[in-house]
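Spelled out, the chains give:
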Amino acid sequence: MPDGSYDFAVVGAGIAGASLAAELSAHAKVLVLEAEDAPGYHATGRSAAFWDECYGGPGVVPLTLASGQYLRDGGFLTPRGAVHLARDQDLAALSEFEQTFADTGVTIERLTREQIAAKVPHVRDEWRHAVWEPACADIDVAGLHQHYLKIMRQRSVDLACCARVAKLKRYPDTGLWAVTLESGETYGAERVVNAAGAWADALALAGGVKPLGIAPMRRTVAQLRVSPEAPDDLPLVLDINGGFYFKPENGRLWLSPHDEIPSEPCDAAPEEIDVARAIERFEAVVDWQIEHVERRWAGLRSFAPDRLPVYGYDAEVPGFYWFAGQGGFGIQTAPAAARLAAQELLGLSADAMTSGIERARYAPQRFVTTDA
Ligand SMILES: Cc1cc2nc3c(=O)[nH]c(=O)nc-3n(C[C@H](O)[C@H](O)[C@H](O)COP(=O)(O)OP(=O)(O)OC[C@H]3O[C@@H](n4cnc5c(N)ncnc54)[C@H](O)[C@@H]3O)c2cc1C
């Protein structure tokens with residue numbers, strides 16, 4: 001039987017676990033357990049690093065917008081803008097996109113063909129239509145992650161790496177959790193936070209908690225050297241139908257086929273077929289020569305069944321808190337998500353950052369089915 005020596009044991013030190021632990025640490029004794037030998041090895045270290053108001057759909061917009069100020073104030077955003085490209089045959093999709101985001105608070109506007117050509121040099125003629133998102137920005141992902149890890153250090157959060165949690169056991173008489181690592185070492189905590197990314201369901205099972213169906217999906221990115229060199233002021237360029245995106249990065253291009261391949265939780269690796277698909281689509285959009293594929297990587301984006309993130313206590317097992325399903329928006333939503341969850345865990349009121357967010361929308365209770 002462990003002591004309740006920690007108020008919270010947070011499992012996972014990606015952006016989710018680190019941001020939430022940092023927020024909790026102002027008021028609580030926090031332990032963070034990370035399976036890898038350093039934080040950020042999985043999804044967090046593999047992102048495409050953009051903050052895009054529309055990304056993830058209208059249900060994610062409140063979290064993204066609420067995070068914007070914190071990210072700007074911290075110097076983590078660099079303006080870029082985003083162009084969602086369409087051809088004549090995609091006009092219905094373009095209109096649907098505009099309608100979907102009409103009353104969500106994002107800023108979007110149509111571009112003329114001339115404006116498209118000015119923003120995306122060498123774009124092929126058939127890409128005649130586009131929606132422009134002026135607020136889209138690059139995020140300094142490593143900087144943001146380090147910022148939260150630094151707060152953790154300053155506030156004496158205990159971070160253990162090479163510490164894979166193998167078993168979680170709750171003692172009903174005290175309500176305390178025993179958190180046992182693969183190594184056999186055991187910690188005690190009053191509450192457990194599941195910030196295990198692609199492993200969120202596996203971690204729940206290790207604690208006798210019913211999984212929610214958090215599904216890891218592989219996404220691939222390739223870094224290309226192109227001729228002429230990718231201009232620094234090129235916007236993020238996305239297909240309105242979700243077939244690709246690309247953006248410049250230090251004179252190179254980051255290109256993704258926007259793939260979403262179901263995967264087991266694992267150390268994801270890129271497949272040649274997905275890189276080839278990305279290049280084929282890219283060549284249909286712009287008339288640039290690809291000189292070299294310098295680097296390729298893949299990571300897992302994890303989605304709940306309704307593709308909204310899951311923040312909240314498990315519906316059945318007390319003291320088990322879900323902070324999972326961050327999909328493709330876990331970096332850009334991190335500040336508001338962590339603040340929102342910390343306020344719930346600490347019993348604090350909403351503040352200026354979170355007052356416009358409807359917390360129930362993200363609660364695990366939404367998956368509870370009642371028998372008729
Ligand atoms: C290619 C790609 C591009 C992306 N682009 C963007 C983007 O532009 N903008 C954006 O906002 N988001 C983007 N994302 C999504 C973003 O990266 C994720 O939403 C975010 O990183 C999820 O953070 P996390 O902390 O939940 O997961 P992770 O970073 O995967 O962290 C989870 C951690 O939990 C640990 N863990 C798991 N099980 C255990 C256990 N049993 N014991 C101890 N530790 C455990 C893992 O080792 C891991 O370090 C992208 C993702 C990918 C893959």
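To be clear, the structure that these remarks concern was listed above.
Heads up: these notes are all about the structure in this document. Quick caveat, the model's predicted, so the values are computed rather than measured. (Residues numbered from 1 in each chain as written. Predicted model: local features only at pLDDT ≥ 70, side-chain atom pairs only at ≥ 80, totals over all residues. Heavy atoms only, no water.)

1. Some remarks on the environment of Phe-8
Part 1 of the reasoning: With respect to the helices, strands and loops of the structure, Phe-8 is situated in strand 1 (residues 6-11).
Part 2 of the reasoning: Of the residues examined, Phe-8 reaches a relative accessible area of 1% and is grouped as buried.
Part 3 of the reasoning: Sequence spacing of Phe-8 and Ala-21 is 13 residues, and the spatial spacing of their C-alpha atoms is 8.5 Å. (Helix = DSSP H or I, 4+ residues; strand = E, 2+ residues; numbered from the N terminus. Buried < 20%, exposed > 50% of the residue type's maximum accessible area, 1.4 Å probe, protein only.)

2. Some thoughts on the pattern of salt bridges
Part 1 of the reasoning: Evaluation of the coordinates by the stated rule reveals 24 salt bridges.
Part 2 of the reasoning: Here Glu-98 and Arg-110 are joined by a salt bridge, their closest N and O atoms 2.7 Å apart. One end of the pair, Glu-98, is in helix 3 (residues 91-100); the other, Arg-110, is in strand 6 (residues 109-111), with 12 residues separating them in the sequence.
Part 3 of the reasoning: Glu-98 gets classed as partly exposed once you look at its relative accessible area, which sits at 22%. (Salt bridge = Lys/Arg side-chain N within 4 Å of Asp/Glu carboxyl O.)

3. What about the layout of surface pockets?
In this approach a probe as big as a water molecule rolls over the atoms, and the regions it shows empty are the leftover space.
Part 1 of the reasoning: When its volume is computed, the second largest pocket comes out at roughly 570 Å³.
Part 2 of the reasoning: If one sorts the elements of the lining of the second largest pocket by residue count, helix 3 sits on top with four residues.
Part 3 of the reasoning: Along the lines of polarity and charge, the residues of the lining of the second largest pocket split into 11 nonpolar, seven polar and seven charged. (1 Å grid on protein atoms, 1.4 Å probe; cavity = no way out; pocket = protein on both sides within 12 Å on 5 of 7 lines; lining within 4 Å. Points joined across faces, edges and corners; volume = space filled by probe spheres on them. Nonpolar A, V, L, I, M, F, W, Y, C, P; charged D, E, K, R; others polar.)

4. A look at the sheet that holds strand 4 (residues 77-79)
Part 1 of the reasoning: Spatially, the three strands line up as an open sheet ordered 3-8-4, and their pairing is antiparallel. Two strands in the sheet have a free side with no partner beyond their single neighbour: strand 3 (50-51) and strand 4.
Part 2 of the reasoning: Relative to strand 8 (residues 137-139), strand 4 runs antiparallel, the two sharing three bridges. Looking at strand 8, one finds that Leu-77 is bridged to Ile-139. (Pairing = 2+ DSSP bridges.)

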